[in-house]
Protein chains: 2
Amino acid sequence: MSVMTAITIKDVAAEAGVSIATVSNAFSGRKAVSPEVVRRVEEAARTLGYQKNIAASQLRTGRVKVVGVLVPSLADTFFAALVSDLEKLAEADGYQVLVATSGDDAAREAAQLDALLGWKPSGLIAVPCTNAIPDTLRREMVALPVVLVDRIGEEDLPVDTVVVDNHAAGREAAQHVLEKGHREILIAASVAGLRPIAERIRGITDACLAAGVAPRIVELGTDVEEGAARLGAFLAREGHPTAVIATTNVTTLATLTAFAQAGIDMPADVSLVGFDDYAWMTARRVPLSAVRQPISDIAQSAWSCLMTRIGGSADAAVRIVLDAPLQRRNSVGVSRRVLDTA
Amino acid sequence: MSVMTAITIKDVAAEAGVSIATVSNAFSGRKAVSPEVVRRVEEAARTLGYQKNIAASQLRTGRVKVVGVLVPSLADTFFAALVSDLEKLAEADGYQVLVATSGDDAAREAAQLDALLGWKPSGLIAVPCTNAIPDTLRREMVALPVVLVDRIGEEDLPVDTVVVDNHAAGREAAQHVLEKGHREILIAASVAGLRPIAERIRGITDACLAAGVAPRIVELGTDVEEGAARLGAFLAREGHPTAVIATTNVTTLATLTAFAQAGIDMPADVSLVGFDDYAWMTARRVPLSAVRQPISDIAQSAWSCLMTRIGGSADAAVRIVLDAPLQRRNSVGVSRRVLDTA
DNA sequence: ACTATCAGGTTAAACGTTTATATGAGTGTT
DNA sequence: AACACTCATATAAACGTTTAACCTGATAGT
């Protein structure tokens, strides 16, 4: 065992007694190679433990089966699940996924994007962290297949987008609590400026206004602890609503935490509609009613858009809008107002 | 806008009126370049939107700031959180992370490992999906810095490992429920054959046996729905224990789901100690007592081991064992047996 | 029997970097 | 004025792969 230099196609060629071109052809199958030689090459590769150097390969061909995926955070279950699904789809198509997280910070997002692009991936799926599309990305969009997901701040983007019908989702959630007689409704938003959140809020507000009710809004941020503290303070200061609608899974958790800390019983004291749908929401004495984002459909749609573009399609950009249906469970009770008058 | 070929260092050199070597030096700083030229190069790069081709760079140098991370699944919060932490640490050190998931399938694991290794990363952090180390990995371990985390089936591996003291964690959980007077204890295991799970079970069993109690075990697998169904069936068939100790976050969720479905009140009817510690565990009327795995410490340890190895250390392999302390909250009640005799 | 085709193989060039080596222009020193 | 020395820049080779172009027999068609 000498200097331990990596095994290249050259070593395999020597071991199999053929030229390197033949080895390459034997692997890729682009040119006919006799079965006997293929066997020798494969055997040589196996005994030597040969691994193709992807960098060299991609340098030569200019293409590589890699797609970049950029999300705000893997600590948020929604994005982790999304990436997980994308990864499975990618694997099925023989692609490798390069994951980067922006941490909801525009500067980091730009830096991560640069790093990602350095790999010259064949495509990119991104959940921007703000409404603004980073410059690097905007420039790249014309040349590189890009699919934007979830946080889309602008209309008429020149790339495919996959979003959820946030307005409808908000409306449905609001209608549900309104039907149960609630009139004092609080919206537990994460960051109201974010487009999807703004849409959800608008959906809720529209439905409420149609029923002559004015909902209130509190911003809880993107951290559970912090959000619980803020909501706790709000409740102590402003008094309890009869129903809360949370607009993200993080605010749902923050709300539940605040309820637990303040000894608020759900749904007896306050009702709640959560957002997103995870196992922990049903693993409770009172299973949560929640707006279910169709994560695997989102992943599926984004992936097939990307594959179509990588396949060379130059069709006009499509905008896929998916439904986020309300899962009615037991966390929304009939309002006391209704019960009393009954 | 002609044929849209990517911008290379050559274009930058032409634009700045210098040679490509100077451009390279201007970026890397390995050789002195006059400030004026550096400025011109940077400006040229900016106006052209130049992005270094990492593949070419890595081909030439043989090194690249990338580490592979292989975990069983990103859908499991534990691994998602681990990857998230590793990603942050990597970014701080200027490394990119290549994520792959094995889906708890040995064949997929081997395939993903091959794909990962094709990038010739400078290191690898892996959570093997079974007790057995894949051959590819075993062969690579001598040349490539590797850190194994969590699922370690063998002792005396030639690489650094980071694990949790699972035996102690199990013991502590068991002692807690024993102290509260419980004698009918059920272990909700995921897959008893997995080394960390086996250790946890052994820890629980040892503590129980010392108290003259024989715990029972039920295997629930790695899926929440499935696990809840299995536990439901077990409970219906065998009757209720007074306390359940879950050995993973998934089995914790499965147990809670089964409790909710069967209308079992916790802790009045049955007590529970969960595993791992997430926001949803405290966002409840009865916050869960659970064994808290120190995820960020695990990530931190694994990362610094890897960096040391990449730095060239040839010290003997270290084995880092971290504590997983029990978080005592309200899901373990005093057993009825004790209450009655009091 | 001569040519066209084809299968199976080789040679060499190219991809975009980095870097060892060469070059050349200043700047002191003698 | 000749020399050594430094500093900034240029030239060219190398990394491991793919692939166009070329070569050699063998087979088939006329």
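These numbers come from a predicted model, not from an experiment. For every chain, the first residue of the written sequence is number 1, and numbering continues from 1 onward in sequence order. Ligands are numbered from 1 and chains lettered from A, in the order in which they are written. Predicted model: local features are reported for residues with pLDDT of at least 70 only, side-chain atom pairs are reported and counted for 80 or more only, and whole-chain, interface and lining totals are derived from all residues. Hydrogens and water molecules were not included; the side-chain quantities draw on all heavy atoms of the structure.

Focus on the protein's contact with DNA strand D
Residues in close proximity to DNA strand D total 27 residues, the closest being Ile9, Tyr50 and Arg60 of chain A together with Ser19 and Val37 of chain B. Between DNA strand D and Lys31 of chain A, the relevant distance is 3.3 Å, taken from a base nitrogen to a side-chain nitrogen or oxygen of the residue. Between DNA strand D and the protein, one listed contact pairs a base oxygen with a backbone N or O atom of Arg60 of chain B at 3.3 Å. Numbering of helices and strands runs from the N terminus, with a helix taken as a DSSP run of H or I at least four residues long and a strand as a DSSP run of E at least two residues long. Put simply, the parts of the chain that give the surface near DNA strand D at least two residues each are helix 2 (20-28) and helix 4 (54-61) of chain A together with helix 2 (20-28) and helix 4 (54-61) of chain B. In these notes, residues near a molecule or strand are those with any non-hydrogen atom within 4 Å of it. Polar contact is defined as a pair of N or O atoms within 3.5 Å, subject to the rule that within protein one atom must be able to donate a hydrogen and the other to accept it, and that residues adjacent in sequence are counted only when both atoms are side-chain atoms.

Structural notes on the pairing of strand 9 (residues 271-275) of chain B
Residue and element names in this part refer to chain B. Type-normalised accessible area, obtained with a 1.4 Å probe on protein chains alone, sets the label of each residue: buried when under 20%, exposed when over 50%, and partly exposed for intermediate values. Most of strand 9 is tucked away, with 5 of its 5 residues classed as buried. Between any two strands, pairing holds if DSSP finds at least two bridges. Pairing analysis gives 3 bridges linking strand 8 (residues 243-246) to strand 9, with the strands arranged parallel. By the bridge assignment for strand 9, Ala243 is matched with Ser271. The handedness of a crossover follows from its direction of travel: if, with the strands pointing away from the viewer, the path from the first strand over the helix to the second runs clockwise, the crossover is right-handed. Crossover strand 8 to strand 9 through helix 11 (residues 249-262) is right-handed.

Here's the deal with the interface of chain A and chain B
Any two residues whose heavy atoms approach within 4.5 Å at even a single point are treated as in contact. Of the residues lining the interface, 52 residues belong to chain A; the matching set on chain B comes to 52 residues. Throughout, the accessible surface (probe 1.4 Å) given up by two parts as they are put together, summed over both, is called the buried area. Roughly 4500 Å² of surface becomes buried between chain A and chain B when both sides are summed, with 58% attributable to carbon and sulfur atoms. Of all residues in chain A, Gln51, Gln96 and Trp119 of chain A bury the most surface against chain B, accounting for 16% of the area lost on that side. One salt bridge in this structure joins Arg108 of chain B and Glu91 of chain A, with 2.8 Å as the shortest N-O distance. Residue assignment for the side of chain A that touches chain B shows that the elements contributing at least two residues are helix 3 (35-48), helix 4, helix 5 (77-92), strand 2 (96-101), helix 6 (106-117), helix 11 (249-262) and helix 12 (279-282) of chain A. The class makeup of the residues in the side of chain A that touches chain B is 28 nonpolar, 12 polar and 12 charged. The rule for a salt bridge is simple: a side-chain nitrogen of Lys or Arg has to be within 4 Å of a carboxyl oxygen of Asp or Glu. We call Asp, Glu, Lys and Arg charged. Ala, Val, Leu, Ile, Met, Phe, Trp, Tyr, Cys and Pro are nonpolar, and the rest, Gly among them, are polar.

Some points on the sheet that holds strand 10 (residues 289-291) of chain A
All names here are of chain A. With respect to topology, 6 strands assemble into an open sheet ordered 7-6-8-9-10-12, the strand pairing being mixed. What marks the edges here is a single partner per strand, and that holds for strand 7 (216-219) and strand 12 (326-327). Sheet analysis places strand 6 (residues 185-189) next to strand 8 (residues 243-246), joined by 4 bridges and oriented parallel. Among the inter-strand pairings, Ile187 is bridged to a residue of strand 8, identified as Ile245. Along the sheet, helix 9 (residues 195-210) contacts strand 6, strand 7, strand 8 and strand 9 (271-275); its crossing angle with strand 6, the most-contacted strand, is approximately 175°. Lines are fitted to the C-alpha atoms to define the axes, a helix being fitted only along its stretch in contact, and any angle between axes, read from their N-to-C directions, falls within 0 to 180 degrees.

Some thoughts on the sheet that holds strand 9 of chain B
All names here are of chain B. Taken in spatial order, the 6 strands of this open sheet run 7-6-8-9-10-12, and their pairing is mixed. Bordering the open sheet on either side are strand 7 (216-219) and strand 12 (326-327), each of which pairs with just one other strand. Taken together, the 4 bridges between strand 6 (residues 185-189) and strand 7 define a ladder with parallel strand orientation. Along strand 7, the bridge assignment pairs Ile187 with Ile217. Against the sheet, helix 10 (residues 224-238) engages strand 6 and strand 7, with an angle of about 145° to strand 7.

Some details on helix 3 of chain A
Residue and element names in this part refer to chain A. To estimate the expected span of a helix, count its residues, drop one, and scale the result by 1.5 Å. In this model helix 3 runs 20 Å from its N-terminal to its C-terminal C-alpha over 14 residues, within 8% of the 20 Å that 1.5 Å per residue would give. Buried residues along helix 3 sit against helix 1 (9-16) and helix 2. Downstream of helix 3 by a residue or two, Gly49 has a phi angle that is positive, lying close to 70°.

Some points on the pattern of salt bridges
Residue and element names in this part refer to chain A. With the rule as written, the count across this model stands at 36 salt bridges over all chains. Linking Glu155 and Arg195 is a salt bridge whose minimum nitrogen-to-oxygen distance equals 2.4 Å. One end of the pair, Glu155, is in the loop between strand 4 (146-149) and strand 5 (160-164); the other, Arg195, is in helix 9, and 40 residues separate them in sequence. Glu155 gets classed as partly exposed once you look at its relative accessible area, which sits at 42%.

A closer look at the environment of Ile197 of chain A
Residue and element names in this part refer to chain A. Along the chain, Ile197 turns up in helix 9. Between the alpha carbons of Ile197 and Asn166 there is a distance of 7.6 Å; along the sequence they are 31 residues apart. Those residues in contact with Ile197 that sit more than four places away from it in its chain are Ala189, Ser190, Val191, Ala192, Thr247 and Thr248.

Examining the protein's contact with DNA strand C
In the vicinity of DNA strand C there are 28 residues, among which Ser19, Thr22 and Lys31 of chain A together with Ile9 and Arg60 of chain B approach most closely. Between DNA strand C and the protein, one listed contact pairs a phosphate oxygen with a side-chain N or O atom of Tyr50 of chain B at 2.9 Å. Here Arg63 of chain B contributes a side-chain N or O atom positioned 3.1 Å from a phosphate oxygen of DNA strand C. Among the secondary structure elements, those contributing two or more residues to the surface near DNA strand C are helix 2 and helix 4 of chain A together with helix 2 and helix 4 of chain B. Residues that form the surface near DNA strand C fall into these classes: 11 nonpolar, 10 polar and 7 charged.

Brief notes about the nonpolar core
Buried Ala, Val, Leu, Ile, Met, Phe, Trp, Tyr and Cys residues form a nonpolar core when they are joined through side-chain atoms within 4.5 Å. Grouped together as the largest cluster of nonpolar side chains are 158 residues, with contacts concentrated most on Trp303 of chain A together with Trp303 of chain B. Discounting residues that sit within four places of it in the chain, Trp303 of chain A has contacts with Val67, Leu86, Leu89, Ala90, Asp93, Tyr95 and Ile125 of chain A. Core analysis: the next-biggest nonpolar cluster, separate from the first, contains 44 residues, Leu70, Leu113, Leu117 and Ile152 of chain A among them.

Examining the relation of the copies chain A and chain B
For the pair chain A and chain B, the best superposition has an RMSD of 0.0 Å and corresponds to a rotation of 180° with a translation of 0.0 Å parallel to the axis. Taken together, the rotation angle and the small translation identify this as a two-fold axis. Considering only C-alpha atoms, the part of chain A nearest the rotation axis is Ala55 of chain A, at 2.2 Å. Both copies share a contact surface, since 100% of the interface residues of chain A are interface residues in chain B too. Fitting of the copies onto one another was done by least squares over C-alpha atoms, counting residues only where both copies have pLDDT of at least 70.

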